Amino acid sequence: MDLRIPRVPLLVAVVALISLSSAASPTADDLVAELETLRSQSPSGVIHLDDRSVARFLTSAPVPRPYSLLVFFDGASKADHHRRRLRSEFALVSSSFAAHHASSPASSRRVFFCDLEYQESESSFSLFGITSLPDIHHVGPEHHSLRDSDRMDQSKFSGLAESMAQFVAAKTRLPVGPIVRPPPISSRQIAFLAVALLISAPFLVKRILEGKTMLHRLWMGLALSVYFLSVAGIMHNIIHKIPMYVQDRNDPNRLIFFVKGYGMQLGVEGLAVGFLYTIVGLIVAFATHVLVRMRNEAVQRGFMLVAMVVVFWAVRKVIYLHNWKTGYRVHTFWPTRWR
Amino acid sequence: MAATAETKGPSALRNAFGGVLGVFILLLIGVLAFSIRIFSVIKYESVIHEFDPYFNYRVTQYLTKNGIYDFWNWFDDRTWYPLGRVIGGTVYPGLTLTAGSMWWYVLDMVETVCVFTAPIFSANAAWATYLLTKEVKGTGAGLIAAALLAMVPSYISRSVAGSYDNEAVAIFALVFTFYLYVKTLNTGSLFYATLNALSYFYMVVLGTLLASLVPVVGFNAVMTSEHFASFLVFMENVTLKHNDHYNIEEAFSWHYAQLECCFRRTYASKYIPIIASVSEHQPPTWPSYFMDINVLAFLVPAGIIACFLPLSDASSFAVLYLVTSVYFSGVMVRLMLVLAPAACIMSGIALSEAYDVFTRSIKLQLPNILDNSPDAGDINSVSSIAQNDASKIDSHATTNKSETVSKERPSRKNRKKEKEKEIVEKVPSNSENKKRLLVLPLEASAVSILLLIVLGGFYVVHCVWAAAEAYSAPSIVLTSYAPDGLHVFDDFREAYAWLRHNTDVDDKVASWWDYGYQTTAMANRTVIVDNNTWNNTHIATVGTAMSSPEKAAWEIFNSLDVKYVLVVFGGLVGYPSDDINKFLWMVRIGGGVFPHIREPDYLRDGQYRIDAQATPTMLNCLMYKLSYYRFVETDGKAFDRVRRTEIGKKYFKLTHFEEVFTTHHWMVRIYKLKPPKNRIRGKLKKPRSTSKSSSSNQKRAGNTQKNPWQ
């Protein structure tokens, strides 16, 4: 019972404190309004923060804050494919959240999506204790120290907006709503393609009707491209969603196109070797079917020279790459007596 | 060909000589195909390989012992205990019947027949490839394609001596069916059509395309309407007369089956972890192509283009076959096997065309150069020879063309005569203009031939290396080279022999499904699950038991009447495909059915580890305990050579299991379930205040309770 008595003075003290602090720094409502204007300036609703705004909205803002922030930690370099994808997924979550809560400003005022860039705001990164990129933290209303903010577990977010939305919903208790993904081809592109197809249709139909050879060439081209894509291991890259290249961890300016290991390949790597596989066959076919019909012997000789050099180089390159990648050393077997 | 045979004189002799030489070459190709596959017998011994062949071997044994009727009605109670498995109805009998008849007519030793079935059928497949390619682009291409197929690594990997499996025979059946089909197309003969239907039926009986390449598709696939429809479509096409679209339809009906498999695969990998757990079902990367078809990967595009110049029924079929198989090989590395014959055919065509052009260039120009310098008088005769040769080549090409055209028509003999007349008329016009000879510069041709030979030589070296080093390990006997010499690890057979000689014939042995076929075939003991992964729940039960703590596992195994548990452990010798490395799949498969098994419980920060950082769930599960029990006694540190770390929990005792046998290199460890009375004693330990008299009473009660195994 006697515990109740001190409450009134405590309340008075708190109110006094708040009114005092509000005199010195902007009120919570001011901050929210400011955040909202910042949000409206960005197309996806992701607010770009820097050291000054971090101080304003997070470190110096009185706790509990009336909002929570989701901060995406980004780097300046645009080369990292994985990070760029994560960043766009993060923007998707942000815009989906805004769309879902468009009718209820009260809840949309409670969560803001922001990003921070390392080169600009290095000190904020150390405040959060960020050691690796990319990273996503949730700063709740109650978090005093930024180091205590909730980190999105790297293994949990598979990089998809859906799993990020789960994290956001779990931490803020506000549903993000369905993720609205933009269609892969915009309506303008569809219209352009349709017009292009309509214009070219009569020509195509005419060419096809003209004779079998056109159809055969088309078929041959398709067969060759299916072959090229298959030996390039493109299905592997599609199924496992492998990027074209990755950034070197030790040197951010260097890109890695080839990796070691039998069961793994990058996009560029597969396409390059698929090209080498295909080019040799094409050259052989060219020599046996086209070059042989040419009259000029000098031209034939020149082409043959170039063809042989290219073929030799391509085969050697593939053999070298295969040995390098797999570590296999193919060797011959001779009778013991011969050694 | 008939046209050339009709010509008299030296050319007839030449043709006869060519025919004999061709047969001789084919014979050598057969010998090559057979002998490149017996590295495994020479390096190891004449033994059945791996997992599935042991099942086939066991089925063949049953067939030879009990006859075909018993085989057809065979219900196997030695596997999938307590469910059993209807083998007669669920197995594709093609392979078994083939080997069975070989045993019946040729050789009286079942194991020898089984070991050498695959090499024999590889030789057959090479000959079938010759026939098919000959139909598409002539004898030269056929011979090259056959030689390439005889040693293509992709096919070797499935058909070394001892790998007694459907694939080895199925490739022969596939190529031969295609040959008969193309032959039917080219000749319009009802005889070939009938043969073709029979061969297609044989291929279906082998069931390989549908099922053995993709294990999700069970026996149902044969009975499902889609597949039956494909069969009907094909029969219909054979009985009806031919039209141009016909080959496309057939190819599609066949590939539909494959397509279905691939769709099922995507479904399966999403929902059934077992399928995803097998690495053969992953899409391949570019090194896989270089490893499996080697330089053929370079030559195939040239073959495709050659097939279009000109496009005939047969060559369009070849292109269809290649394109579909290359696409599917890109989806699943296992289907590389279906690509291999297509790649050989295409490369054979490409090489043949290239050699044709280059040798022609040399042949027609070399005499001119040689004779130009010493004596100018002979030019006339030489050039006339050259022209004759050239005209022969041209006439050859045209007769070939005329053949393919005329074969579709009934009155082909008349047409052929007309064509010959045309050719005779053409000859003088050809000889008039030397520029019209399709030749390349002499020296460039010579160097190109040299380069192609080097390329072929590299292919041979690679294939022999792959056959000898990569694909010949039986995986039942392992070897390793150490500085002090060769080490042989024969632990698997040691363990199975122990089971066979030291356990009761009706005892049940539990292990992960990989070892099911081997246990039934070699130890002749009943298993709970085996490599025919038809019942996911049953496998999940075993996975759950392996992932559970000792007591829960004991209860699961006890409820299945299991008496022995077998685990494979590679930590001592560094054998990487052991049960600890497969363990996460056990957890996943178990957790798929029994949700109390959760994968994160076994992972520390998303990492699978067995060292001091491992989770308590991991360190207490049955698989960990059975694998690492007493492991510390080996080197005092308990250093696992596969995971390259010291294990997390070194000293522990087993409460519900006892070790009964561990093989020489610790690769197989067999444990026996302790009888239930121990469990009662363990229970009584907790309430320590209970009087001794009551415990002894209970003990007696436990003793009087009938032991379920005795």
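Fair warning: this is a prediction, and the values are worked out from it, not measured in the lab.

**Looking at the overall build of chain B**
No. 1: The number of helices and strands found in chain B is 33 helices and 13 strands.
No. 2: The 710 residues of chain B split such that 54% are buried.
No. 3: Considering only residue pairs separated by 6 or more positions, chain B has 72% of its internal contacts joining residues 24 or more positions apart.

**Some points on the packing of aromatic side chains**
Residues and elements named next belong to chain B.
No. 1: In the structure shown here, the tally under the stated rule is 42 aromatic pairs over all chains.
No. 2: Measuring from centroid to centroid gives 3.8 Å for tyrosine 62 and tryptophan 74, while their planes differ by 5°, and the two rings are stacked. In this pair, tyrosine 62 is assigned in helix 4 (residues 52–72) and tryptophan 74 in the loop between helix 4 and strand 1 (75–76), connecting sequence segments twelve residues apart.
No. 3: With relative accessibility at 21%, the residue tyrosine 62 sits in the partly exposed group.
No. 4: Tryptophan 74 gets classed as buried once you look at its relative accessible area, which sits at 7%.
No. 5: With a centroid separation of 6.5 Å and 20° between ring planes, the pair formed by phenylalanine 492 and tyrosine 515 is classed as stacked. On the criterion of sequence distance, the pair formed by phenylalanine 492 in helix 24 (residues 491–502) and tyrosine 515 in the loop between strand 5 (508–510) and helix 25 (516–523) is long-range, its members being 23 residues apart. Tyrosine 515 carries the same exposure label as phenylalanine 492, and that label is buried.
No. 6: Feature note: the residues Phe569, Tyr624, Tyr628, Tyr629, Phe631, Phe652, Trp666 and Tyr671 constitute an aromatic cluster, connected by ring pairs.
No. 7: For the cation-ring pair, arginine 37 lies above tyrosine 155, with the distance from its terminal atom to the ring centre recorded as 4.9 Å.

**Details of the environment of A:His289**
No. 1: Looking at the secondary structure, you find A:His289 in helix 11 (residues 267–290).
No. 2: Once residues lying within four places of it in the same chain are set aside, the contact partners of A:His289 are B:Ile305, B:Ala306, B:Leu309 and B:Glu353.

**Topic: the side chain of B:Gln518**
Residues and elements named next belong to chain B.
No. 1: Structurally, glutamine 518 can be placed in helix 25.
No. 2: A relative accessible area of 1% means that glutamine 518 is categorised as buried.
No. 3: If we ignore the near neighbours within four places in the chain, the residues touching glutamine 518 are Glu50, Phe51, Tyr54, Ile476, Tyr496 and Ala523.

**Focus on the nonpolar core**
No. 1: Ranked by size, the top nonpolar core spans 203 residues in total, and within it A:Tyr277, B:Phe492, B:Phe557 and B:Phe657 carry the most contacts.
No. 2: When residues no more than four places from it in sequence are discounted, the contact partners of B:Phe557 are B:Ala510, B:Ala545, B:Met546, B:Val562, B:Val565, B:Leu622, B:Phe657 and B:Leu673.

**Details of the sheet that holds strand 1 (residues 46–49) of chain A**
All names here are of chain A.
No. 1: Read from one edge to the other, the open sheet built from five strands follows the order 1-3-2-4-5, with strand pairing classed as mixed. The open sheet has two free edges, formed respectively by strand 1 and strand 5 (150–151), since each of these has just one partner strand.
No. 2: With seven bridges connecting them, strand 2 (residues 68–74) and strand 3 (residues 111–117) associate as parallel partners. Paired with serine 68 across the two strands is valine 111, which belongs to strand 3.
No. 3: Across the sheet, helix 3 (residues 51–59) is in contact with strand 1, strand 2, strand 3 and strand 4 (135–139); its angle to strand 1 comes to roughly 115°.
No. 4: Across the face of the sheet, helix 7 (residues 161–172) comes into contact with strand 2, strand 3, strand 4 and strand 5 while running at roughly 20° to strand 4.

**Notes on the confidence of the model for chain B**
Residue and element names in this part refer to chain B.
No. 1: Per-residue confidence for chain B gives a mean pLDDT of 76, with 73% of residues at or over 70.
No. 2: Confidence scores differ between elements of chain B, with helix 13 (residues 220–223) showing the lowest mean pLDDT of 35 and helix 8 (residues 139–150) the highest of 94.
No. 3: Across residues 686–710 the pLDDT falls below 50, and counting only partners more than four positions away or on other chains, this stretch makes 14 contacts in the model.
No. 4: Reported confidences for the modelled complex are a pTM of 0.67 and an ipTM of 0.71.

**Focus on the sheet that holds strand 13 (residues 668–673) of chain B**
Residues and elements named next belong to chain B.
No. 1: Taken in spatial order, the five strands line up as 6-5-7-13-12 in an open sheet, and their pairing is mixed. Among the strands making up the open sheet, the edge pair consists of strand 6 (526–527) and strand 12 (657–662).
No. 2: Across five bridges, strand 7 (residues 562–568) lies against strand 13 in antiparallel orientation. Paired with valine 565 across the strands is tyrosine 671, a residue of strand 13.

Conventions used here
- Residues numbered from 1 in each chain as written.
- Chains lettered and ligands numbered in written order.
- Predicted model: local features only at pLDDT ≥ 70, side-chain atom pairs only at ≥ 80, totals over all residues.
- Heavy atoms only, no water.
- Helix = DSSP H or I, 4+ residues; strand = E, 2+ residues; numbered from the N terminus.
- Buried < 20%, exposed > 50% of the residue type's maximum accessible area, 1.4 Å probe, protein only.
- Contact = heavy atoms within 4.5 Å.
- Phe/Tyr/Trp six-rings, centres within 6.5 Å; stacked < 30°, edge-to-face > 60°.
- Lys NZ or Arg CZ within 6 Å of the ring centre and 35° of its normal.
- Core = buried A, V, L, I, M, F, W, Y, C linked by side-chain atoms within 4.5 Å.
- Pairing = 2+ DSSP bridges.
- Axes fitted to C-alpha atoms, helices over the stretch in contact; angles between N-to-C directions.
- pLDDT = per-residue confidence, 0-100.

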